[in-house]
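Geometric and topological summary
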Amino acid sequence: MAHNFRSDVAIDWCPGCGDFGIVTGLTQALTELNYGPNDVVAVSGIGCSGKTPHYLNMAGIHTLHGRSIPYATGVKLANPRLKVIVTSGDGDMLSIGAGHFVAEGRRNTGLTIILYDNEVYGLTKGQAAPTMALGEKTKGLARPNVFGKVNPITMALSSGYSFVARGFSFDTKHLKELIKKAMIHEGSSFIDVLQPCPTYNNINTMEWYRGKVYKMDDEKSWDPVVLPDTSAESVSEKFNNAYKRGLEWDDKIPIGVFYDNRAIPSFVKRIAEYLPDYLNNPPAEQIVAGTDGYTNVDPFKTFADRVI
Ligand SMILES: Cc1ncc(C[n+]2csc(CCOP(=O)(O)OP(=O)(O)O)c2C)c(N)n1
Ligand code: SF4
């Protein structure tokens, strides 16, 4: 029988919050991919979005503000067989966590990062998050936003993420399909999910998004996939097309897959190339202590063997 990924914990998000649609899309994707509770781990930072692991019936870690990626990287590298999902707010990921976000793009570890993008810091009462436009004034702000905005899509592309997509939390079916694609992607995947925060953001509402989002996947000519035999010229064309689409944010906002490069080896694969036993005997499965409780690990030998 398929595992039920929704936990019994009562959800305390506000009515109408876009977070609900993300959890629905995520749990449906995990079920359709036939994962069991021991196949996946969810890691979050701090924020309304950070509560997600509590609502999932599987292993999860609610970590420090902005630090979900380092924790998730540790989980993935300790046991590369696990699928590791990061659920994080735009404040958590792109403000305090921005350095980790960029570093993860370069590594391509194999995490699936889901950005809960509501343009505000929901949990701390509606301050401007890094995705809010300069001069915007939501009801949570005393004065118009004085900061410029970052663009999560172009930021992910420039950081090196090999799978970059955008979904909308009120199109759960479409989001579920994006999450499935992201999870089977070998390298790191990033999905920017547009979601309303009805409590603090009265501008980017469900209706506002509904009137603007369109699906790139509906266009027959849109092909974001790079395979190992794709020519260098075509790779740069696909990347440039993705970047150009990533800049669209006016009357029309694209959702769907911007870029899906399957040719870049994941960090796990790169490590396995110089530590031949890594995948057969990953750190999480090694016996690190004897029956006396003392460590078996000899760091001097480990480094002598592995570091040139
Ligand atoms: C080191 C640190 N700095 C600041 C905070 C306060 N804080 C808690 S949640 C949060 C922002 C959450 O916003 P976002 O990531 O956009 O998530 P949302 O609540 O909108 O889902 C902040 C600044 C904290 N908990 N820890
Ligand atoms: S404050 Fe906003 S983001 Fe947080 S639960 Fe309420 S509606 Fe959702």
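Before going into details, it helps to say that this report is about the structure given with it.

What counts, and where the lines are drawn
- Residues numbered from 1 in each chain as written.
- Chains lettered and ligands numbered in written order.
- Predicted model: local features only at pLDDT ≥ 70, side-chain atom pairs only at ≥ 80, totals over all residues.
- Heavy atoms only, no water.
- Helix = DSSP H or I, 4+ residues; strand = E, 2+ residues; numbered from the N terminus.
- Buried < 20%, exposed > 50% of the residue type's maximum accessible area, 1.4 Å probe, protein only.
- Areas by Shrake-Rupley, 256 points an atom, 1.4 Å probe, with all protein chains shown as cover.
- Lys, Arg positive; Asp, Glu negative; His and termini not counted.
- Charge placed at Lys NZ, Arg CZ, Asp CG, Glu CD.
- Near = heavy atom within 4 Å.
- Polar contact = N/O pair within 3.5 Å; in protein donor to acceptor, adjacent residues only side chain to side chain.
- Nonpolar A, V, L, I, M, F, W, Y, C, P; charged D, E, K, R; others polar.
- Axes fitted to C-alpha atoms, helices over the stretch in contact; angles between N-to-C directions.
- Parallel < 35°, antiparallel > 145°, perpendicular 65-115°, else oblique.
- Left-handed = near helix turned anticlockwise from the far one by under 90°.
- Contact = heavy atoms within 4.5 Å.
- Core = buried A, V, L, I, M, F, W, Y, C linked by side-chain atoms within 4.5 Å.
- Arc of directions from axis to C-beta.
- Pairing = 2+ DSSP bridges.
- Salt bridge = Lys/Arg side-chain N within 4 Å of Asp/Glu carboxyl O.

1. Examining the overall build of the protein
Across its full length, the protein carries 10 helices and 11 strands. On the principal axes, the C-alpha backbone points of the protein span a range of 60 × 50 × 45 Å. The buried share of the protein, taken over its 308 residues, is 49%. Of the roughly 14,800 Å² of accessible surface on the protein, 56% is carried by carbon and sulfur atoms. Computed over 31 positive and 33 negative side-chain charges, the separation of the two mean positions in the protein equals 3 Å.

2. Remarks on the site of ligand 1
In the vicinity of ligand 1, 16 residues are found, and the nearest of them are Cys-48, Asp-90, Asp-92, Gly-122 and Leu-123. Cys-48 places a polar main-chain atom, nitrogen or oxygen, 2.8 Å from an oxygen atom of ligand 1. Look at ligand 1: alone it shows 590 Å² of surface, and the protein chains cover 73% of it. Of all elements in the fold, only helix H3 (90-96) and strand E5 (120-121) reach the threshold of two or more residues within the shell around ligand 1.

3. Description of the site of ligand 2
Neighbouring ligand 2 are the residues Trp-13, Cys-14, Cys-17, Cys-48, Asn-118, Gly-122, Cys-197, Pro-198, Thr-199 and Tyr-200. Of the residues that constitute the shell around ligand 2, the class distribution is seven nonpolar, three polar and no charged.

4. Here we look at the packing of helix H5 (residues 152-159) against helix H8 (residues 232-246)
For the pair H5 and H8, the least separation of the axes is 8 Å and the interaxial angle reads 155°. The pairing of H5 with H8 is recorded here as roughly antiparallel in orientation. Considering the relative orientation of H5 and H8, their crossing is left-handed. Contact residues: Ile-153, Thr-154, Leu-157 and Ser-158 in H5; Phe-239, Ala-242, Tyr-243 and Gly-246 in H8. The residue makeup of the contact of H5 with H8, split by class, is five nonpolar, three polar and no charged.

5. Focus: the nonpolar core
Core analysis: the biggest nonpolar cluster contains 29 residues, and Met-93, Phe-101, Ile-113, Tyr-161, Val-164 and Phe-190 have the highest contact counts within it. Only strand E1 (40-44), helix H2 (68-78), strand E3 (83-89), H3, helix H4 (98-107), strand E4 (112-117), H5 and strand E11 (253-261) provide two or more residues apiece to this core. Not counting the four nearest positions on each side in its chain, Val-164 is found in contact with Ile-153, Ala-156, Leu-157, Phe-190, Gly-256, Val-257, Phe-258 and Tyr-259. Residues Trp-13, Cys-17, Ala-29 and Leu-178 belong to the second largest nonpolar core, which totals 27 residues.

6. Structural notes on H2
Along H2, the residues classified as buried are Ser-68, Ile-69, Ala-72, Thr-73, Val-75 and Lys-76. The arc that holds every buried residue of H2, seen down its axis, measures 165°, which confines them to one face.

7. Topic: the pairing of E3
Of all the seven residues making up E3, six are buried; the element is thus mostly covered by neighbouring parts of the structure. Of the pairings in the sheet, the one linking E3 to E4 comprises five bridges and is parallel in character. By the bridge assignment, Val-86 is partnered in E4 with Ile-113.

8. A few points about the environment of Ser-169
Inspection of the secondary structure puts Ser-169 in the loop between strand E7 (163-168) and helix H6 (172-184). A residue is classified by how much of its surface remains accessible, and Ser-169, at 2% relative accessible area, is buried. If we ignore the near neighbours within four places in the chain, the residues touching Ser-169 are Gly-18, Gly-21, Ile-22, Leu-175, Val-193, Leu-194, Gln-195 and Pro-196. Of note is the side chain of Ser-169, whose polar atom sits 3.4 Å from the backbone oxygen of Gly-18.

9. Focus on the side chain of Glu-104
Secondary-structure assignment places Glu-104 in helix H4. For the buried Glu-104, which has no salt bridge, the nearest side chain bearing the opposite charge is Arg-107, at an N-O separation of 4.0 Å. When sequence neighbours within four positions are dropped, the list of residues in contact with Glu-104 reads Ile-69, Thr-73, Thr-109, Gly-110, Leu-111, Ile-113, Tyr-161 and Ser-188.

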